[in-house]
Amino acid sequence: LPEYAFIGRSNVGKSSLINMLTGHTKLAMTSSKPGKTQLINHFLINKDWHLVDLPGYGYAARNKEQRLAFRRMIEGYILGRKQLINLFILVDSRLEPQKIDLEFIQQMGEAGVPLSIVMTKIDKLSRPKLQESIKRYQETLSEEWDELPPFFYTSSEKATGREELLQYIETINHSL
Ligand code: GDP
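Scoring rules and cut-offs
- In every chain, residue numbers begin from 1 and rise along the written sequence.
- In view of the model being predicted, local features appear only for residues whose pLDDT reaches at least 70, and side-chain atom pairs are presented and counted only at 80 or more, with totals across whole chains, interfaces and linings using the full set of residues.
- Excluded from the side-chain calculations are hydrogens and water; all other atoms, namely the structure's heavy atoms, are used.
- Segments assigned H or I by DSSP are reported as helices when at least four residues long, segments assigned E as strands when at least two residues long, and all are numbered from the N terminus.
- Throughout this description, buried means an accessible area under 20% of the type-specific maximum (1.4 Å probe, protein chains only), exposed means over 50%, and partly exposed covers the range between.
- Confidence scores labelled pLDDT are given residue by residue by the predictor and lie between 0 and 100.
- Contacts are assigned to residue pairs with any non-hydrogen atoms lying within 4.5 Å of each other.
- The nonpolar core is taken to be a set of buried Ala, Val, Leu, Ile, Met, Phe, Trp, Tyr and Cys residues, with the residues joined through side-chain atoms within 4.5 Å.
- A strand pair is defined by DSSP finding two or more bridges across the two strands.

Explain the environment of Asn11 to me, please; I cannot follow it from the model alone.
Summarising the element assignment, Asn11 is placed in the loop between β1 (3-8) and α1 (14-22). Judged by relative accessible area, which is 46%, Asn11 ranks as partly exposed. Taking C-alpha positions, Asn11 is 19 Å from Thr22, a pair spaced eleven residues apart along the chain.

Encoded structure:
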């Protein structure tokens, strides 16, 4: 089955987003404790695709062993996985583009992994601030990318962006 994976810095709102997408509140555990999701979790959606919850990256407490484990996970799961149709990389809409995210996006792009950017927690920003944040993110990526990847704007609190994401996935699934 086709797989769509979600990844991002710890605390970016990944568990909340996955709960919002799947419509279940107990599937992925939310936590304010960074770096909690360590394992790869698969959720079967509509009996025709898997939503894959990948471990969060980049919390300060990460030691050498954990960094190595993360790299092995990337190499072992993401790179070269035929079923992986798209990697959704989550970034916090409230923050300036973060080095760790930009580097990860760059690394995945160079490895040829099809990816999209998901800006999270947009309910926390006013409209003008959000527009500013989107513009800044896209301009920053444009410095390295000729063509920008797709962008999604989400709030798990308000269920914003849910239909857009699911529609995007369904559309790709139908074309497979
Ligand atoms: P994860 O570590 O990436 O899985 O992040 P979580 O989903 O556990 O969320 C981290 C924190 O951000 C929690 O306190 C959530 O309640 C909060 N959060 C997540 N998504 C949203 C959102 O869309 N809007 C708001 N306002 N808060 C959010």
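Right, picking up where we left off after that structure.
Whenever I open this one, the confidence of the model for the chain confuses me. Can you help?
Caution applies to low-pLDDT regions: their predicted coordinates should not be interpreted in detail. Summary statistics for the chain give a mean pLDDT of 89 and a share of 89% for residues scoring 70 or more. The low-confidence segment residues 25-37, where pLDDT is below 50, has 26 contacts with residues more than four positions distant or belonging to other chains. Of the two predicted TM-score estimates for the complex, the pTM is 0.92 and the ipTM is 0.99.

Teacher, can you tell me more about the nonpolar core here?
Generally speaking, soluble globular proteins have nonpolar side chains that are buried together. Counting 28 residues, the largest nonpolar core has Ile7, Ile78, Leu87, Ile89 and Phe104 as its most contacted members. Looking at this core, the elements that each hand over two or more residues are β1, α2 (64-78), β4 (84-92), α3 (99-110), β5 (115-120) and α4 (127-142). By residue number, the principal contributor to this core is α2, which donates five residues. Among the nonpolar cores identified, the runner-up in size contains 20 residues, and Leu17, Ile18, Met20 and Leu166 belong to it.

Looking at this structure, how should I read the pairing of β1?
Remark: a regular strand shows side chains that alternate across the two faces of the sheet. Most of β1 is tucked away, with six of its six residues classed as buried. Alternating positions in β1 separate into two faces, Glu3, Ala5 and Ile7 on one and Tyr4, Phe6 and Gly8 on the other, with burial throughout. Sheet topology note: the β1/β4 ladder contains six bridges and is parallel. Along β4, the bridge assignment pairs Glu3 with Leu84.

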